[in-house]
Amino acid sequence: MYIGNSSYPEYFLIKKSFDKAVFVVNSEKKTKESFINLSSYKDFFSSSKEILFIPSSKDVLDLESQIERNYAVYKWLTTPKAILVLSKDALDVRLRPLEEFNKSLILLEKGSSLDRDFLVERLLKVGYIKEDYPENEGEFSVKGGYISINVPKVGIVDIDLFGDEIESLYLKSKLLTKKEINQIYIYPLYDFDILSHSPLQLKDENFVYLRDYINEDIYTLDIFENLNQKVSFFSDLSDKNIGSLKDIDESFKVVKIPVKNELILLDEKVAFLPEIEDKNLDLDVDPIKEGDYIIHEDYGIGVFKGIETREIRGKVYDFMILEYAEGEKVYVSYLHFDKIHKYKTQGFIKLDKIGAPSWKNLKKRVKESLKNLARQLIKLYSERQSIKRPPLDVEGQLITKFERDFPYVETPDQLKAIKEVKKDLSKDRPMERLICGDVGFGKTEVAIRSAFIHAVNGYQTLVLVPTTVLAYQHYVKFKERLEKYGLIVENLSRLKTKSQQEEIIKKLEEGKIDVVVATHKALSDNVKFKNLGLLIIDEEHRFGVRAKEKIRQLKKSIDTLYLTATPIPRTLNMALSGLKDISVINTPPEGRYEVKTYVSPFDENILKKAVEFELNRKGQVFYVHNRVETIEERVNYLKTLFKNAKVDFIHGQMKPSEIEKKILYFIEGKIDILVSTSIIETGIDIPTANTLIVERADLFGLAQLYHLRGRVGRGNIQAYCYLFIPKEITKDARRRLDAILKLTRPGSGLKVSIEDLQIRGPGNILGIEQSGFIKSVGFDMYVKLLKEALSETSGESEFQPQLDLDFDYYIPQSFVENPQERMNLYLAVSKAESYEDIEKIRKYLKEFYSELPSIFNLYLSVEKIKRILKSLKIKKLSLKEGRGFLEFSKDTKPEVIHTLLKELKPYKVESSAIHFYTKEIEELNSVFEKTIKSVKIE
């Protein structure tokens, strides 16, 4: 049991030599922190121990917790070395008895016999869902003798049957390659077997407690008295070797790893300090299939016709075949796959002709337009830099206490956004930062912390939102977090009477209100602040022109934080880095689950089952009927079906005050079923509403369907979405519905956003309409041209370093046999933006395959060096016959040259180049990595 603040117990558990241990912590939040600490120390010390987390949630509909729990139990039972971390409450979680759990494990073995129908029956029984393609975790598909199972936290398992025998068994990687395996266990997803999938019901009459799984044979050692006993207590005060931050001096070795709590070891003179690190491999590989349209940066729009493997001088190379107008073909080597982008657009597509000027001219036009945009962005940035304000204190004791009071564990992206905001506020110029993230991903907490820092520094905050309902919801959240610290939070909107509004305005001017959440009313001339320091704007694009002009005047000399639910693709964010301060939150918070989505023709039985299930669990229902003329008929129909339910409706032709009143009734639980047109698409957060019914879903766009579905599943309860359609629908509607069925994971908004950006352009982000150009050159190519335009306009040269190497580096056929899989891997590597991304790919593949061929390791090292050289602005690297040559550009920093001179010890130095004796490629890699880490690269 542990109740301290350092990460000593986790450090101890990783360092000690025992095979298995159970670590019990006093709260769920601390359990999650301990899991992160253990995982960080495991990586740092290269430990082989599995770190397993058992959630304590006892909610039968908390499916994500059940999957995490059952995975942990399965690994605990089948892994020789493991540490199980859980809170004391988790010991009382109910599970199927141990012997039943072992029976529920499905063992698949190459060469063994398998009854296909029996396997399908067992998979359904232990929680898996049958789909046409297992896009999401927990799904499986059956196509003749070919079965695919998407096993959570494991990957996609492909089974190839020959009759009743498993002929081959494969495990797919995140990068769409696969490896052959001899056997694998498929573990049960939920705590008990399934009685019904829709809605979910579990067979839970026969149970044991989690403590029964671990009580028999697990002992832990008391770390101070070395006694063999069942439970040990750790305390920071029990060991004089544990110090605090004030003990660190120049004699200490400081190690930064992604722990949640620091650890200072006095005897060893080592300090482990927290560092925000995103270890996730977030490369979303979109495979190019034969017949897909592509864009080659030099030749334009063509069609991908497959891969050809050629032997040249005794070596095997992969080429991509592209077809252009009049059947002309281009063969592209794997070394140049980074020049190829998938092209998605609607309508007729005209192929470019090789050698014709049309593509070159189009690129030139787009570039000119982007240079104008770049000039605007650079001018705005320079103006912003010239305004000054006193730096804020962002690290006080009270601020640290407030941060620790957050009841959840922050996601890596959230922590990064908070760190970036604090860095902005500690500078002597006003902050202007955009926080982007999908619905419910924790943007509000970032805003609340900014407001708290301003209050501690004596400033007021205005939170500006587009609707009265949003104002009310933000007001409740801000008040809940800030009021216990003595801060006064108010809401200025139509919900207040005239006299209440006047009182709030008076108190704002007197400085008696710290935070006010308001609609555009706060932009009126009569609203004055005593000491306004922060303006938070939620979804600025939803404000009118006059309101936007007022905002522009208001924000000139104060800190401004924009919040938007339009997720920004990483490539666009990186292109704008340095000119627009953007924080992207792409990781979903703990306890967010995918919304179970079903598409079917309208069926009254399904409707009754779905709504009754929601009402029986004391929840609420959104019902979307998008025709104002017949909405009241639909309400009456629902009232006859559900006689005890309170049913009401809203639509866009009602008075705004009437809509607001009914939505507030819904929030307060006075309405059970709210029938609405699509006006509920954005901005309503009701954790108790977890079933959505949409009529004529075929008439909605992809982004609309995604945002509608975002109204449910906002809490930690399993949500359901039923999309009703006619029997006959258009091909486009079918494509949209197929897409929405695949985009169920929290964070899928990023994919929707990219689809959207290709159609409408990034107007909300860049503040300018560019959709025509995005459509003509494709999103990836557009971002690349934007980068070039920004570099050229700011006087820098956008260049690719030249590499001249006398050795081979590629993906050998013996390692990845399938040419399509090799191409997927080449494309994933070519799309990696930074050298850190290449290292993540290497680490992931090493874990997946156990060993990587040396020639493939060389390929990854070269790709890594290529990206470092680009960042360091180095023009050319040549490695031949034991000698190396580096040519610097005019933009290479003097400190880079100085570091390389020291590390490479050249035998000849020229004005802009050095000659040196070559080292092993990995050694050279470390020199370049050391250089980029020691020199500040903007």
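- Looking up the chain in an unreviewed UniProt entry gives the name Transcription-repair-coupling factor, with the organism given as Sulfurihydrogenibium azorense.
- Here is the UniProt Subcellular location (unreviewed entry) comment for the chain, exactly as written: "Cytoplasm".
- The UniProt entry for the chain carries this comment under Function (unreviewed entry): "Couples transcription and DNA repair by recognizing RNA polymerase (RNAP) stalled at DNA lesions. Mediates ATP-dependent release of RNAP and its truncated transcript from the DNA, and recruitment of nucleotide excision repair machinery to the damaged site."

1. So, the packing of aromatic side chains
Working step 1: Evaluation of the coordinates by the stated rule reveals 36 aromatic pairs.
Working step 2: Measuring from centroid to centroid gives 5.3 Å for Tyr74 and Tyr187, while their planes differ by 15 degrees, and the two rings are stacked. Highlighted residues: Tyr74 in helix H3 (residues 63-78) and Tyr187 in the loop between strand S12 (183-186) and strand S13 (193-196), separated in sequence by 113 residues. The exposure classification of Tyr74 matches that of Tyr187, with both residues buried.
Working step 3: Aromatic side chains Tyr334 and Tyr859 sit 6.3 Å apart centroid to centroid with 65 degrees between the ring planes, which places their arrangement in the edge-to-face category. Within this pair, whereas Tyr334 is found in the loop between strand S25 (329-333) and strand S26 (340-342), its partner Tyr859 is found in helix H26 (residues 854-872), the two being separated by 525 residues in sequence.
Working step 4: The class of Tyr859 is buried, set by a relative accessible area of 2%.
Working step 5: By way of ring pairs, the aromatic residues Tyr334, Phe337, Phe815, Tyr826, Tyr844, Phe848, Tyr849, Phe856 and Tyr859 are connected into one cluster.
Working step 6: Here the guanidinium or amino end of Arg94 rests over the ring plane of Phe207, the centre of that ring lying 3.9 Å away.
Working step 7: Against the face of Tyr331 rests Arg310, its NZ or CZ located 4.5 Å from the ring centre.

2. What about the pairing of strand S23 (residues 300-312)?
Working step 1: The pairing of strand S22 (residues 293-296) with S23 spans four bridges and is antiparallel. Directly across from Ile294, in S23, lies its bridge partner Gly302.
Working step 2: What sits between S22 and S23 in their antiparallel hairpin is a turn of three residues.

3. As for the sheet that holds strand S3 (residues 82-87)
Working step 1: Pairing is parallel in the open sheet, where three strands are placed in the order S1-S3-S2. Only two strands of the sheet have a single partner each, and these edge strands are strand S1 (20-25) and strand S2 (50-54). If you compare each strand with its neighbour and ignore which way they point, the axes differ by 20 degrees on average.
Working step 2: Taken together, the six bridges between S1 and S3 define a ladder with parallel strand orientation. Looking across to S3, one finds that Lys20 is bridged to Ala82.
Working step 3: Strands in contact with helix H2 (residues 28-44) are S1, S2 and S3; relative to S2, the strand with the most contacts, it is inclined by about 170 degrees.
Working step 4: Set on the sheet, H3 makes contact with S1, S2 and S3; between it and S2 the angle comes to about 140 degrees.

Calculation rules
- Residues numbered from 1 in each chain as written.
- Predicted model: local features only at pLDDT ≥ 70, side-chain atom pairs only at ≥ 80, totals over all residues.
- Heavy atoms only, no water.
- UniProt positions renumbered as here; feature names shortened; annotations may be inferred.
- Phe/Tyr/Trp six-rings, centres within 6.5 Å; stacked < 30°, edge-to-face > 60°.
- Helix = DSSP H or I, 4+ residues; strand = E, 2+ residues; numbered from the N terminus.
- Buried < 20%, exposed > 50% of the residue type's maximum accessible area, 1.4 Å probe, protein only.
- Lys NZ or Arg CZ within 6 Å of the ring centre and 35° of its normal.
- Pairing = 2+ DSSP bridges.
- Axes fitted to C-alpha atoms, helices over the stretch in contact; angles between N-to-C directions.
- Contact = heavy atoms within 4.5 Å.

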